[in-house]
Every structure is written in C-alpha cells, then in structure tokens.
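# Commentary on secondary and tertiary structure
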There are 2 protein chains.
Amino acid sequence: MPVDVSNLSGGSLIVAWQLKDKNVLIVGGGDVAASRIENILVADAKITLIAPHEGLHPQTKEYIAATPRITYHDRVFAGAGDLEGVDMVLTAIDDVERSREIVALCRARRIPVNAADIPPSCDFYFGSQVKRLPLQIMISTNGKGPRLAHHIRTRIEDSLPQGVENAIERVGELRSKLRERAPGVGGELGKKRMRWMTDLCNAWDLDELSLLDDAAMKKLLDEGWENGQVPSPQDVLPGAKLRGEVALPFSLLVPTVVGFFAGVACTAVAVHRFSPRN
Amino acid sequence: MPVDVSNLSGGSLIVAWQLKDKNVLIVGGGDVAASRIENILVADAKITLIAPHEGLHPQTKEYIAATPRITYHDRVFAGAGDLEGVDMVLTAIDDVERSREIVALCRARRIPVNAADIPPSCDFYFGSQVKRLPLQIMISTNGKGPRLAHHIRTRIEDSLPQGVENAIERVGELRSKLRERAPGVGGELGKKRMRWMTDLCNAWDLDELSLLDDAAMKKLLDEGWENGQVPSPQDVLPGAKLRGEVALPFSLLVPTVVGFFAGVACTAVAVHRFSPRN
C-alpha cells in the first residue's frame, strides 16, 4: 500500500531541546515568566532575567532568591547588547511592539525565540507538561486549545503507573553500565546493544524494571548480555512478585464484590419468596 | 513555603518547533531517516534529502515518490554548500565522523541539528509520539529509556478519549471566531477572551466540545460571550446527552455482572444443599 502523506500536515516538530549550561534570556517577570523559569531550570540552563522589580510575580521573586542560576537585572530590555552570548530568548511582557522588536533582533542573530501571546512571532511553542523526571511528557494542541491540553495532561497523569520514573532511571543506569562493558558509538555493536535493551524492556514490565539494583544489573549483564539472552525477572530478582500472581486490581474488585452480594441478596429474596413453605 | 529548585534538573525544554514552509535537510535515507521524514512532513516543512539511492529504505522511497515536498539528491553530503538556506539539519547515517563534521558546520552557522545516535552532538532529541492532529503528545525519557517511552506511549493512547482531536479542532475554530468578533493582541480584551475560553473548557467535557457545529458556536458567542457567561451544553446542543445520564461504563459493567451471577450461583447452590428437603 503506497504511503499516504495527505494527512501529514498541521502539526509541529516536537523536540526535547538541550539547554545544559546554555544561556537563556527571559524578558519580563510576571506569571508567564515564572512558569518559563521553571521549564528552563529543569533543562539545566543558566537564566538572565530582565524585568523591572515592580512587575515581578511573587513566584518569580522566589526563584530569583532560591538559585544562583538566575542572574537578575532590575530594568527593561536595553537592545541588541542584551543578546550577547545568549542561546535562546523568551519574552513575557505585555508590550506587543517591544516583543516584536526583540523577536526581530533575535531572528537577525539566529537566536531561537518565543514571544508569549504572539504565536506568529515564535520559533517554538510551549505546551502542557507532565514532569516526572527523567520522564517528561508534552501535550500540544498546536495552538488550538491550550486549556484542553491541561485536561488531557490530567488524564495522562492518572494513566501513568506509580514509580514509572524509577523504572526509567534504572534502565538509564543499566544502559550506561552496558555501554561501559561494550563501548563504542554506532556500528554492529551499537545495534546489538540496542536490540538487547529493547528485548529486555519488552520482556519486563515497568514495576519489574523499577526494582533493578546494582546486584541485579550485574547479574543481568553477566548472565544475560554476555550470553546473548534476556533473563526473566524471576531469575534476577529473587524477591520480586511473579507476573500473573498480581491481585485483582481494586478497580475491578469493587464492582465484582458489589455484584456478588447483589446476586446473593436477589437469590435469597427469590428463594425465600418462592419457597414452598411460604 | 519557599520554592524548592533542588529537583528542577536533569530534563530538557520540550517545545513544539514551528517549521511551516521552512527548509529541513535530512542526510541519510535509512529507517531512521524514514521516521524523521514523517515527523518533518507533519510540521509542514520542505525537505531536502541527500542520500545515495542504494541505501534508501523502502519507506523513504515511498515518501519521495508520494510528495513534491521532498527534493531528493542521489549522492552523499558534499559540504557547506549543502547548508545554504537550510533552517534545520537531521543526520541519519552510519558514519559517525561524517555526522560530526556536519554538526560542526551547522554549529558554526547556528543551524539547529540532530545527529542520530550521537546524543552529545544534538541540539535537540526526538521522543516517542502520539499523533492525533491537531493533538500531539511527546514522551521523552531524556535519553534514559527510549524503549520505555514506547510502552508509555501505548498507555497514553489507551487513556485518550475517542474523538479528542475533534474536540480540539472545534475549540480551535471557536477561538478563531471569537478573535474575529473581538480582535486585538494582548491587553485586557485578550485576557477576557482567554478567561472565557478557559471557563468554557472547564464547564464542558471533551465529548460535548466535539459536538460544536457552526450553529452551536454562533449561539455560544451570541448568548454566552456577548453576555459574559458560559452557557451549558444543554442550552446550546439540544440533542446532546446530559452528563450524569451516561451509562455505567463497560469496564465496571462486566465485573458487576460477573459478580452478580457468581452471587446467584453460590446462593442457589447453598440453598439447594442446605434446604430441609435434602
């Protein structure tokens, strides 16, 4: 069947931008700026914040006080000089004209820029986010319904298994250990590593992966990787609960029990009413 | 309570990059390139693909044949000249050294670049994606467990309500109509628009929003926006099902029924066994 490209349109390229030790300029200090600050700190960047003190949101003030990773200037944006050495710019000010001027300066310097509330001026949009680091999930409605993105975020949060971030952290450690044991970038070995990790993640569920400790990882690598196989969780985690032993989930248990007693009650009533002694 | 920034670390800045009518260069044509092509087409960009024909993945060939939005060159990357007028570069080749050379050329020109399989050389990472345009959801494990991101994606897909993309599309249309009726960027009016849309999205659920047609939107704006209130779905959608009338969800119905008949059966057996006639 030939590929259908007609429905491939109307979206964005959603990416995880890397900002470790990069310089991000935020112009403005209100509530939007406060939420931007959180997003940027999570990404391990350094922040320069330019905004008159009287306009700072309480949350913004708290961030400035809480971390040396924010350099704060109590003034308005002063022009191209403020863009020196800057890797990304976010404007969050009420002045649309000033915002557009900043965007134009950034464009000329090929600095990625987001101007709050002016979508056509943005190189990139933000969305609603679930953060369970190292897991991050971003929900974008491509500008159609930011509020709906919040609703969807809540649903997604409810659907994530507890401890999912631990499972990811453990798998990340195992990947590092595997790369130490079988080093090198790309090529056949890289593909073999990737296949083994994929097989493992398909064979184990998230709860099992979250139980991996140093000893279990060593056993997995010694007995699994070295022999080109993926041991079962039961082989590696002696105390772990076997799958299939898992109890009936609570969400199924309640209606089952309710139904059971309703059945008992109805039958008892029926028997009592229609029994020959009555 | 002072803000705690100690746990704000180890992540990325997840953004929806805007590529409409931009030029994206993809170097390489294998399976990774094929998945990149899909992501870039979704974002409405133009693609230049440079890769020798003999290395093309069947899916890549299909994309080239299917759309004029891909300009294909049957050759290897030829140097800085290939970066002329390019807004973003993705490499997906097995040659790590060549990939790093391309990355260095991009860096010098401030062109955002992703080099498949060489995380330290990437300005941005890709993740696992749910696409129900205009809804896009991206799951990143920040490089710790790409395979787990796929598992989580499946869970998220299962948790999304049917027709969620229709609800978003309708809300997007309503936002456009509202902006036509009360135009202007930023300021008090912008905030009033945003508040009204937020109130609406909080008061209506996704199923109800997906039923908005032109007539219903007009009624919402005439009777709601103009009077500074949010009408209920029942006022605007005469045929719509009231909330609260919704039937017992299937997931609860099955265990309830099973429990009921188990209760009936157990009671019947007990009555039969212990009845005085036996």
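Our structure is the block above this text.
Here's a quick rundown of the structure. (Residues numbered from 1 in each chain as written. Chains lettered and ligands numbered in written order. Predicted model: local features only at pLDDT ≥ 70, side-chain atom pairs only at ≥ 80, totals over all residues. Heavy atoms only, no water.)

### Concerning the pairing of strand β8 (residues 128-132) of chain A
- Bridging between β8(A) and strand β9 (residues 135-140) of chain A involves 5 bridges; their strand directions are antiparallel. Residue pairing in the sheet places A:K131 in a bridge with A:Q136 of β9(A). (Pairing = 2+ DSSP bridges. Helix = DSSP H or I, 4+ residues; strand = E, 2+ residues; numbered from the N terminus.)

### Digging into the relation of the copies chain A and chain B
- For the pair chain A and chain B, the relating rotation is 180 degrees, the translation along its axis is 0.0 Å, and the fit reaches an RMSD of 0.3 Å. Here the transformation between the copies is reduced to the relation of a two-fold axis.
- When you check the interface residues of chain A against chain B, 100% turn up at the interface there too, and the contact is symmetric in its surfaces. (Least-squares fit on C-alpha atoms with pLDDT ≥ 70 in both. Contact = heavy atoms within 4.5 Å.)

### Things to note about the sheet that holds strand β6 (residues 113-115) of chain A
Residue and element names in this part refer to chain A.
- If you trace the 5 strands from one edge of the open sheet to the other, you get β4-β3-β2-β5-β6, paired in parallel fashion. Lying at the two open borders of the sheet, with one neighbouring strand each, are β4 (70-73) and β6. Strand-to-strand, the axes of this sheet are offset by a mean angle of 15 degrees, without reference to chain direction. (Axes fitted to C-alpha atoms, helices over the stretch in contact; angles between N-to-C directions.)

### Focus on the interface of chain A and chain B
- Across the contact, 98 residues belong to chain A and 98 residues belong to chain B.
- Summed over both partners, the interface of chain A with chain B comes to about 8,500 Å²; 63% of that surface belongs to carbon and sulfur atoms.
- The tally of links from chain A across to chain B stands at 3 salt bridges.
- A salt bridge links B:E169 to A:K144; the nearest nitrogen and oxygen atoms lie 3.1 Å apart.
- The tally of links between chain A and chain B comes to 47 residue pairs in polar contact (both at pLDDT 80 or more).
- Examining the composition of the side of chain A that touches chain B, we find that 13 residues originate from one element, helix α10 (residues 250-274) of chain A, more than from any other.
- By residue class, the composition of the side of chain A that touches chain B is 55 nonpolar, 26 polar and 17 charged. (Buried area = accessible area lost by both parts, 1.4 Å probe. Salt bridge = Lys/Arg side-chain N within 4 Å of Asp/Glu carboxyl O. Polar contact = N/O pair within 3.5 Å; in protein donor to acceptor, adjacent residues only side chain to side chain. Nonpolar A, V, L, I, M, F, W, Y, C, P; charged D, E, K, R; others polar.)

### Considering the pattern of salt bridges
Residues and elements named next belong to chain A.
- Tallied over the entire structure, the rule returns 27 salt bridges over all chains.
- Note that R69 is salt-bridged to D44, the shortest N-O span being 3.9 Å. Remark: D44 occurs in the loop between α1 (31-42) and β3 (46-50) and R69 occurs in the loop between α2 (58-66) and β4; sequence separation between them is 25 residues.
- R69 sits in the partly exposed class, given a relative accessible area of 24%.
- Owing to a relative accessible area of 16%, D44 belongs among the buried residues under this scheme.
- Where D222 meets R181, a salt bridge forms, and the shortest distance between an N and an O atom there is 2.9 Å. One end of the pair, D222, is in helix α8 (residues 214-224); the other, R181, is in helix α5 (residues 164-181), and 41 residues separate them in sequence.
- Take D222: its relative accessible area is 28%, and that puts it in the partly exposed class.
- Overall, the relative accessible area of 33% leaves R181 in the partly exposed class. (Buried < 20%, exposed > 50% of the residue type's maximum accessible area, 1.4 Å probe, protein only.)

### A few points about the sheet that holds β9(A)
- Read from one edge of the open sheet, 4 strands run β8(A)-β9(A)-β9(B)-β8(B), paired in antiparallel fashion. At either end of the open sheet lies a strand with only one pairing partner, and these are β8 of chain A together with β8 (128-132) of chain B. The average angle at which neighbouring strand axes cross in this sheet is 10 degrees, direction not considered.
- Sheet contacts for helix α4 (residues 146-159) of chain A: β8 and β9 of chain A together with β9 (135-140) of chain B; angle to β8(A), the most-contacted strand, approximately 25 degrees.

### Details of unusual backbone geometry
- Note that the residue after A:L133, namely A:P134, is joined by a cis bond; omega there is 5 degrees.
- Structurally, A:P134 can be placed in the loop between β8 and β9.
- If you check the backbone angles, B:D44 has positive phi at about 65 degrees while not being a glycine.

### With respect to the packing of α4(A) against helix α6 (residues 187-203) of chain B
- Interaxial distance between α4(A) and α6(B) falls to 9 Å at its minimum, and their mutual angle equals 35 degrees. When the axes of α4(A) and α6(B) are compared, the crossing they make is right-handed. Mapping the contact onto sequence places A:R147, A:L148 and A:H151 in α4(A) and B:T198, B:C201 and B:N202 in α6(B).
- Split into classes, the residues belonging to the contact of α4(A) with α6(B) amount to 2 nonpolar, 3 polar and 1 charged. (Left-handed = near helix turned anticlockwise from the far one by under 90°.)

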